[in-house]
Structures are given as C-alpha cells and as structure tokens.
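# Observations on chain architecture
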Amino acid sequence: MKYIYLTLTTLLLVVVTVSCNKDLLDQQNPNEIPTSGFWRNTEDAKLAVNGMFHPITGTFFWGRILHVGAMLRSDAFNVIAAGQNTALSTFQGVPGIARWGQEPWEEAYKAIFRANAILENVTAENVPDQKERNDILGQAYFVRAFVNWYMVNLYGNVDSGEQGGIPLVIKTPNPTNNEELFPEQASARAVWDQIILDLEEAERLLPESWSAADLGRPTKWSATALKGKSYLYRSGLLDLDEYGQAETALAAVVNSMQYELLPADQYQENFTQTNENNRESVFELQYQPIGNGNFVWGQDIPNAGTQGNFVIEYAPPSQTPDAGHVINPWVKDLFEDNEETVRRNATLAYDYPGSTVNGEVPFAEGLAPDITQVNSLAESPQNEGLEPVFTRKYSALELPVGASGFLGDDYGPNWRIIRYSDVLLMLAEAINEQGRPEDAEEYLTQVRERALVEPKTDLDQSGMRQAIIDERVLELTGETHRFFDLVRWDLAETYLGTDSAHDGPHPKSISNGVFEKGRDELIWIPVSELQSNASLDQNPGY
C-alpha cells in the first residue's frame, strides 16, 4: 500500500460559453473524464481508491500544511513567529491574509468528492467479485468519515442555528442544481452523525486485516477505533453522554486481539521509517520518499505528494527552512516528574544523559546553534524559563543532517494516526467518564507498564481523569492530538489563554499569541470559499 498511493485526475466540470451551433454544443468537455472511459472494471475502481487517498497524504493536507497551521496550535509547541506562515498556529491569523486556512479545505473536499464518486459508481456490474467490491466501498466510506472527522474538528463544530461550520457533502453534485453546487453549512451534530454512519458501513465492509501487498489500508478495526474516538470526542464537544458507545467500540478493538504494544526498546519505531504498519498501528497514512531533486510542491499528480514534507515543521530551527519551534518546559517537567526515559527519549531532544541527535552526535554539539538561539530568546521577559527542548517525533533527528532531502522530499515515515496505546487511553477515559475509575485503571496501567513506569492505582474519578490527561501528553505528544483534546475537554483557554495555567512562559510567548475562547477552537472559513458560495458564513469570532 505504501508504494501505490496514486492519483486520479480531478474530475472538473467547466461551463464554456459558445455559439448556438449545435455541433459545438455537443462536443465532449476535454476537462471531464467521460463515464464511458472510466469505471469499466475492478482495476479502474482500485485506481480510484488510490487516487482518493492522494489529497489526504499530499503536501496541502497531512503532508505538511495541516501541521504548520492547525496542529502546532497545541500548548506543547512554542512557535517561532515567521509572519503569515505561522499566524494560524499562534492564534494571530486574519482571514484572507494569513496562510494555510484554504489548502486543507480544498484538499478535503477533493478527497470527499472522490469517495462519493466511488460510492456512486462501483457496482456489481463493474466489480463483480463481492469481496473486492466490499473492500473498495469500505475504504470510500472510511475516507469520507476520516476527512469529515478532521474537517468538523478544524472548521466545523458549530451548533445548529449558529453561523459557520462545514458543508456536509455526501454525493457528487448535479451541475444543474445550485443547492448541490453551493451547499449550505451543516450543524456539527449532523456531520458527526454522518461520520458514525459512514464508519458503521466501513466496519461492515472492510476486512479485519489485509495481505502484505495492501498492508496499511484501513481495516474494520480502523473504522471501529475511529467510531469509538468519535463518540468520545463528540461527548465533550456537543455535551452528550455517549461514553458507553465509545467504550463498546474501543473495547471491541482491544478484544479483537489484532493489536499489541511494541516493547519498550521499540517504542521509537512508531515514529520512523522502521517497522511501519506494525502490531501497534491501528491506522496510519502511507508515505514514501520520492528522492532528492524530484520535489513537486503540492501537486495532485502521480508520484508526487507521498513524501514527508511535515518534517519541515518538526525539525529543530537550524534544520528547517521554516523558523521552527521550541517544546515548552512544562512538557519536559511532566516527563521528569514521571521519571520517564523510554518515551522521553523518543519524544524530546534536550540535554539529558546520553542524548544524541542526527545519529550519534551529542545533543549539545549537534544542536549548538539551536541552543544558542533559544537561550537568546529566553533573555526576553516574556520567555523567561524557556529552555532548549525540541521534538523528536517526525523530525528526522534519527537521520544525519540533510538526509531528509530538500523540504523533506527524501523523508517518508508513515504517520501513525491511531496507535493501540491511544485506543487504550481512550477506552480508559470512556470508562472513567461513566464513573468507573477502578475499571479504567487496567488500560492506563498497560500503557504505563510498556513505558517501564509505575502504575497509578486507587484513583477516584477526578484523579483518574487528570492521570489520563497527563498520560496522553506522555504517550502522544507530537502526534497531533493535543489541541483537539484541549478543545473537547474545554481546557484550551485554561492553558492557551491570557492567564495560562502552565508554569513557566506562556505556551505562545515567543510570538505573543493568545487563544481567544469562542474563536480559536476553529479555523476560519477560507475567504475564497465565502466569495464563491453565498450560502456560507464565516466561523464565529472572525
């Protein structure tokens, strides 16, 4: 699967004004793939599936832009300001001026369009083998749910009757129907409901596992895990009590016996090109280096967009063309208070005993320019307490300097979207929120024991809740979960607002950015979308 994320040419409809000559009006649109030329057989349908993934893995979505914009909003990352490039991640972006709000929106709906086209065109006639047909349709349902999951968390958790949110598009638009061409925004509840419906279809259709040639495609259990995550997240976001449904789904993944935690000495393999699609991975996006010198920026064409450009956003300042970031000291302190080494060593780079970077180069030597830069920043009053601490996950610090290639085109670790450890922590949370901390303890303990740290026992519900919040930092920092977690727990203002509850500098002290409740939970709707679709309203606060 890692090697066959291809692309299907985008299906466009161009309305061309011509004379009233009937012969001219009857000409085939050269920008449109005619139905007679595609959807002929199983191979066409499989190509369409591969093309459906491409906008997701490409540079303008998960390949890079989601990270430089949305994911670095977390309180773990103190972003070094770089003008409009970082304005979104520091809560200083102005719609129409700041970068990186538009590209993910466009790529998401491109992937949704392709999923809808598959669901509408794959039939028993062109894909006669039922298992192959189920595999194809199941992936389309999964991808539509997966993309909508991120879209509703990025742009669209808006209550019914309020302005903003995202359109819910579940069919390819009829070009003669303006309501379909220019859809209205849906309520968050409607989007979440459709996500769960799609995941239930994916569960029904997808296999429990794939053969080696297709390893990495979503499985039945990928869909079940994302369904459990959806019930858990929307319980907090929409003030629902669906923790029981979350427990049922997540427990099913655990009881499937398909997954296990890697041993402690292999923990770091969850974030490198080593041991991809392993037994801890429930779902990961497939990446493959394209080779230094073959970089094609954000193009939706074959053999482009499979490289890990996201390394630009996670490499230390001296090893990225961007300005980079610093890990806030509260994160380091949590690891040290927990007496961690296994996860600390795979998550953070700083001057602890034996710390090396770029192979076997001692930390103080290999990142000397970065240390100097951070120490200089710390001289400013607002940055008092800032320390030279950097992220390791997806940063290429395991490779020699320059080995990731130009803008990451020679770098390609799969991005682990859902790991089994995340499933265990979400299951513990779902159980605890039903008032059963003693039952949640088992799953928290599994995660801690793998990390070779002592279990936490005899906690009441409040204590277990805080233990899970802390454990998600220790286990998942640098994997894009934290900001969404803060929003669903209603803690984003607590830790990213003006009076941050964290010790040390404000999490965005370098840029002076501050989270504003009622606005910064979501990204702005792209101005170009508002201009082209009068049915859309801007998100609250923008």
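In this report, the structure presented in the accompanying data block is examined. (Residues numbered from 1 in each chain as written. Predicted model: local features only at pLDDT ≥ 70, side-chain atom pairs only at ≥ 80, totals over all residues. Heavy atoms only, no water.)

## Brief notes about the overall build of the protein chain
- A count of helices and strands for the protein chain gives 21 helices and 8 strands.
- A compact globule built from 542 residues would reach a C-alpha radius of gyration of about 24 Å, and the protein chain, at 23 Å, matches this within 12%.
- Projecting the C-alpha coordinates of the protein chain onto the three principal axes gives extents of approximately 75 × 50 × 50 Å.
- The burial tally for the protein chain puts 60% of its 542 residues in the buried class. (Helix = DSSP H or I, 4+ residues; strand = E, 2+ residues; numbered from the N terminus. Rg over C-alpha atoms; globule rule 2.2 N^0.38 Å. Buried < 20%, exposed > 50% of the residue type's maximum accessible area, 1.4 Å probe, protein only.)

## Observations concerning unusual backbone geometry
- At D239, a position not held by glycine, the phi torsion is positive, near 55 degrees.
- Here D239 lies in the loop between α9 (220-237) and α10 (243-255).
- Using a relative accessible area of 70% as the deciding quantity, one classes D239 as exposed.
- You will see that A396, though not glycine, has its phi angle at about 70 degrees, which is positive.
- Here A396 shows up in the loop between β7 (390-391) and β8 (415-419).

## Some remarks on the side chain of T445
- Relative to the helices and strands, T445 resides in helix α17 (residues 437-450).
- Residue class for T445 comes out buried when judged on its relative accessible area of 13%.

## With respect to the pattern of salt bridges
- Under the definition given, this model contains 39 salt bridges.
- Its salt-bridge partner being D44, residue R40 comes within 2.8 Å of it at the nearest N-O pair.
- For R40, a relative accessible area of 53% translates into the label exposed.
- The salt bridge partner of D193 is R234, with a shortest N-O separation of 2.6 Å. Linking D193 in helix α8 (residues 188-205) with R234 in helix α9, this pair joins segments that are 41 residues apart in sequence.
- Here D193 falls in the partly exposed class, since its relative accessible area comes to 30%.
- Residue classification places R234 among the buried residues on the basis of a relative accessible area of 4%. (Salt bridge = Lys/Arg side-chain N within 4 Å of Asp/Glu carboxyl O.)

## So, the pairing of strand β2 (residues 281-285)
- With 5 of its 5 residues buried, β2 lies for the most part within the structure.
- In this sheet, β8 lies alongside β2 in antiparallel orientation, the contact comprising 4 bridges. Counterpart to S281 in the pairing with β8 is R419. (Pairing = 2+ DSSP bridges.)

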